[in-house]
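Fold and geometry: a report
Chain by chain, the residues:
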Amino acid sequence: MHRQCFNFYFEFMFIDQIPAEYTFLFVLYGGSAFTALIACLYLCLRKGNAIAPDTTPPMSLRRWAAALFGFAFLSHVWWLLFFVFSNDLYSVFLLVVAVIDNVALLISIGGSLFAMLQDRKRQVWPLAVAMIPYAALLTLNVVFPKDFFLHLAIVYLMFVFLLFSIYMVFAVRQYKHWLRDNYADLEHKEVWVSHVLILIVLLLLTFDEIDGVSLTISYIVRIIEFPLFFFLVWRVETLPRLEAVPVESHPVESQPMEQATQLQKSMVISSNIEKLLEERCVAEKLYLQHDLSLLQLAQAVGTNRFYLSQYFSRQGITYNAYINNLRINHFMRLYHEAVAAQRPVAAQQLAHESGYRSYSTFSLAFKQRTGQSVTAWMRHPQDA
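Here we summarise the structure given alongside this text. (Residues numbered from 1 in each chain as written. Predicted model: local features only at pLDDT ≥ 70, side-chain atom pairs only at ≥ 80, totals over all residues. Heavy atoms only, no water.)

Below, the discussion takes up helix α12 (residues 294-301). Turning to α12, its buried residues number three or more, namely Leu-294, Leu-297, Ala-298 and Val-301. The buried residues of α12 all sit within an arc of 100° when viewed along its axis, so they share a single face. Buried-residue contacts for α12 involve α7 (147-182), α11 (273-282), α13 (305-315) and α14 (319-340). Taken from the residues just after α12, Gly-302 is the one with a positive phi, measuring 100°. (Buried < 20%, exposed > 50% of the residue type's maximum accessible area, 1.4 Å probe, protein only. Helix = DSSP H or I, 4+ residues; strand = E, 2+ residues; numbered from the N terminus. Arc of directions from axis to C-beta. Contact = heavy atoms within 4.5 Å.)

All right, on to the pattern of salt bridges then. The tally for this structure, following the rule as stated, stands at four salt bridges. Two residues, Glu-237 and Arg-62, come together in a salt bridge whose shortest N-O distance is 3.7 Å. On the criterion of sequence distance, the pair formed by Glu-237 in helix α9 (residues 215-238) and Arg-62 in helix α3 (residues 59-85) is long-range, its members being 175 residues apart. Accessibility assignment for this pair places Glu-237 and Arg-62 in one class, buried. (Salt bridge = Lys/Arg side-chain N within 4 Å of Asp/Glu carboxyl O.)

With their axes 8 Å apart at the nearest point, helix α6 (residues 132-143) and α7 run at an angle of 165° to one another. With respect to each other, α6 and α7 are oriented roughly antiparallel. Here the hand of the crossing between α6 and α7 comes out left-handed. Between α6 and α7, the residues in contact are Pro-133, Tyr-134, Leu-137, Leu-138, Leu-140 and Asn-141 and Phe-149, Leu-150, Leu-152, Ala-153, Tyr-156 and Leu-157, respectively. Its residues placed into classes, the contact of α6 with α7 shows eleven nonpolar, one polar and no charged. (Axes fitted to C-alpha atoms, helices over the stretch in contact; angles between N-to-C directions. Parallel < 35°, antiparallel > 145°, perpendicular 65-115°, else oblique. Left-handed = near helix turned anticlockwise from the far one by under 90°. Nonpolar A, V, L, I, M, F, W, Y, C, P; charged D, E, K, R; others polar.)

With respect to the secondary-structure elements, Lys-367 resides in helix α16 (residues 359-370). Residues Lys-367 and Trp-377 lie ten residues apart in sequence; the distance between their C-alpha atoms is 9.4 Å. With sequence-adjacent residues up to four places away left out, Lys-367 is seen in contact with Gln-372 and Ser-373.

All right, on to a nonpolar patch on the surface then. There is a patch of nonpolar side chains on the surface, built from Val-77, Leu-80, Leu-81, Val-84, Phe-85 and Phe-93 and spanning about 510 Å² of accessible area. With five residues, the top contributor of residues to the nonpolar patch is α3. Relative to the helices and strands, Leu-81 resides in helix α3. Under the relative-accessibility criterion, Leu-81 is labelled partly exposed at 39%. (Patch = residues over 30% accessible without salt bridge, like charges linked within 9 Å, V, L, I, M, F, W, Y side chains within 5 Å. Areas by Shrake-Rupley, 256 points an atom, 1.4 Å probe, with all protein chains shown as cover.)

What follows deals with the side chain of Arg-62. Residue Arg-62 is classed as buried on the basis of its relative accessible area, which comes to 5%. A distance of 3.2 Å separates the side chain of Arg-62 from the side chain of Asn-49, its partner in a polar contact. With residues up to four places along the chain from it excluded, the contact list for Arg-62 reads Tyr-42, Leu-43, Arg-46, Gly-48, Asn-49, Pro-57, Val-236 and Glu-237. (Polar contact = N/O pair within 3.5 Å; in protein donor to acceptor, adjacent residues only side chain to side chain.)

What follows concerns unusual backbone geometry. Positive phi, close to 55°, is recorded for Asp-291, a residue that is not glycine. One can find Asp-291 in the loop between α11 and α12. Despite not being glycine, Gln-342 shows a phi value in the positive range, around 55°. Tracing the chain through its elements places Gln-342 in the loop between α14 and α15 (347-353).

A full pass over the atoms with the stated rule returns 20 aromatic pairs. Ring centres of Phe-231 and Trp-234 lie 5.8 Å apart, and the angle between their planes is 10°; this geometry places the pair in the stacked category. Here Phe-231 pairs with Trp-234, and both are found in helix α9, just three residues apart, close to one helical turn. Its relative accessible area of 19% is what places Phe-231 among the buried residues. In this structure Trp-234 comes out as partly exposed when scored by relative accessible area, which is 26%. (Phe/Tyr/Trp six-rings, centres within 6.5 Å; stacked < 30°, edge-to-face > 60°.)

So, in structure tokens, the structure goes:
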């Protein structure tokens, strides 16, 4: 979109009066660059969060997002320099600018999206490797000045971003399952944010590579950049850092005797998990603890997360569903006690006392469990 923006402006730069719509487009371009620079400096220099002071986000996400904003600012700058000093689509200048621009943005976008998925560490180097054919096609465009290689490079770039977007869809789905298997509270861990960011980035790239784009689309792209920047900053400051949870694997000891002892011990623990959960989670109301993870519950019960996860799988439920069931049962007990004692009932307060920070999260879990809304159940609790 940089090329179209400058082409629109330079087309009229030697006319006495430049049309206002083109001047405003160029102002939006500069404003977008300035916003990216401010966001980059903010994430690099500010230690705490302004949006969610009580949240500790992943440091890797903050760094990747700062890099993304920095490259977004530099992208505006070096494309400006290109069109001022060269504007030759078959020059080495274009080769250098286009390769650096797209490689840097793709890697920083990938790094930011990967950092939001805390289920495992994903590498960004395959994205850089995938850009080698793109650089080769642009090199051919310089050696053999024909639009064919330039258009082929654009098509390949779109293909890479499309494959990356498809990969992210599956990665986000995997992350969603991982969350439900390991965490009781899903507030501010929304997976839809990653889907929205992927869609916006792919949409912007598509518009960016359309040759002969209209002025209206140029305006749309420039305007979309502003909420995208603010949206990413919000995600950085509201996503809580999750504890590192290893990939599930059956524990194996090096010595045969120790391995047999461990296996026997594990079989005993597995057979007693239901009893241990009843004693140490239900009876002690450990499920009311905010942000209780599978690993923390396993440690409290006296087993490891592998066997506890296997137990929930055999029951046909997730860890998140198990905790929600206990919390909803607790809510129902509190409600019946309040009604019996003729005390005023506030669903929001009871939900908070039942372990939920967010009433909307409680409402969704309650409806999934009972098949009706909280208000409808409270009118006829005896029917549940």
